[in-house]
Amino acid sequence: MKINNNDYNEMLKASSPGTKMHLTLPKAFFIGGIICVIGEAFLKLYEHYGAGRETAAALTSITLIALAALLTGMKLYDKIAKHAGAGTLVPITGFANAVVAPALEFKTEGFILGVGAKMFVIAGPVIVYGVAASVLYGLVYFIFRAM
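The paragraphs below set out a description of the structure included in this document. Keep in mind that what you see is a predicted model, and the values were worked out from it rather than measured.

1. Brief notes about the packing of aromatic side chains
And step 1. Summed over all chains, the structure comprises one aromatic pair.
And step 2. Ring geometry for Phe42 and Tyr46: centres 6.1 Å apart, planes at 25 degrees, overall stacked. Of this pair, Phe42 and Tyr46 are both found in helix H2 (residues 21-48), four residues apart, which corresponds to roughly one turn of the helix.
And step 3. For Phe42, a relative accessible area of 22% puts it in the partly exposed group.

2. Observations concerning the layout of surface pockets
And step 1. Estimates place the volume of the largest pocket at around 180 Å³.
And step 2. Ile31, Ile34, Ile35, Ile38, Leu64, Leu67, Ala68, Leu71, Tyr77, Ile80, Thr88 and Thr93 together form the lining of the largest pocket.
And step 3. Among the elements of the structure, H2, helix H3 (53-73) and helix H4 (77-84) are those that each provide at least two residues to the lining of the largest pocket.
And step 4. Its residues assigned to classes, the lining of the largest pocket shows ten nonpolar, two polar and no charged.

3. Here's the deal with the environment of Ile38
And step 1. Turning to its location among the elements, Ile38 is positioned in helix H2.
And step 2. Considered as a pair, Ile38 and Glu10 are 28 residues apart in the sequence and their alpha carbons are 44 Å apart.

4. Considerations on a nonpolar patch on the surface
And step 1. On the surface, a cluster of nonpolar side chains totalling about 620 Å² of accessible area is made up of Phe30, Ile34, Ile38, Leu67, Leu70, Met74 and Leu76.
And step 2. Among the elements of the structure, H2 and H3 are those that each provide at least two residues to the nonpolar patch.
And step 3. Broken down by element, the residue count for the nonpolar patch peaks at three residues, all from H2.
And step 4. Mapped onto the secondary structure, Leu76 falls in the loop between H3 and H4.

5. Here's the deal with the side chain of Thr72
And step 1. Assignment of secondary structure puts Thr72 in helix H3.
And step 2. Of the polar contacts made by the side chain of Thr72, one reaches the side chain of Asn97; its length is 2.7 Å.
And step 3. Setting aside residues up to four positions removed in sequence, Thr72 forms contacts with Tyr77, Asn97, Val100, Ala101 and Leu104.

6. Quick look at the side chain of Thr93
And step 1. Note that Thr93 resides in helix H5 (residues 92-105).
And step 2. The exposure class of Thr93 is buried, given its relative accessible area of 5%.
And step 3. Beyond its immediate chain neighbours, meaning those up to four positions away, Thr93 contacts Ile35, Leu64, Ala68, Tyr77 and Thr88.

Cut-offs used in this document
Residues numbered from 1 in each chain as written. Predicted model: local features only at pLDDT ≥ 70, side-chain atom pairs only at ≥ 80, totals over all residues. Heavy atoms only, no water. Phe/Tyr/Trp six-rings, centres within 6.5 Å; stacked < 30°, edge-to-face > 60°. Helix = DSSP H or I, 4+ residues; strand = E, 2+ residues; numbered from the N terminus. Buried < 20%, exposed > 50% of the residue type's maximum accessible area, 1.4 Å probe, protein only. 1 Å grid on protein atoms, 1.4 Å probe; cavity = no way out; pocket = protein on both sides within 12 Å on 5 of 7 lines; lining within 4 Å. Points joined across faces, edges and corners; volume = space filled by probe spheres on them. Nonpolar A, V, L, I, M, F, W, Y, C, P; charged D, E, K, R; others polar. Patch = residues over 30% accessible without salt bridge, like charges linked within 9 Å, V, L, I, M, F, W, Y side chains within 5 Å. Areas by Shrake-Rupley, 256 points an atom, 1.4 Å probe, with all protein chains shown as cover. Salt bridge = Lys/Arg side-chain N within 4 Å of Asp/Glu carboxyl O. Polar contact = N/O pair within 3.5 Å; in protein donor to acceptor, adjacent residues only side chain to side chain. Contact = heavy atoms within 4.5 Å.

In structure tokens form, the structure reads like this:
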């Protein structure tokens, strides 16, 4: 039995719940914005206490990663992400959550085969493709710069 594209699309629409983009998009934007405002507040706080711009930026990243890891461990990050959707995935906190969540899930299998092996299940491909893309872009830049 062969199903054509129109039949498949109709079956897909019938079996998939509709999204309420008028609600989900503003929530994602708002909560992602709150995360960014918190980051800016930490940046200004570190600069206020005498850190240079680069040091304050590094400390801000470290703080946001630590907070996201802590919230993930307390099972609060998933509750926030349930409402925020991509608003929690895009910032650096989403990356921290992607590393910590699988590590916590497999901690019962030990530190080597559980935490160590599963820590980068989600984040690993992002790192690999990010590094590969940056090398490729760097080579292209180098070639065009040499011309």
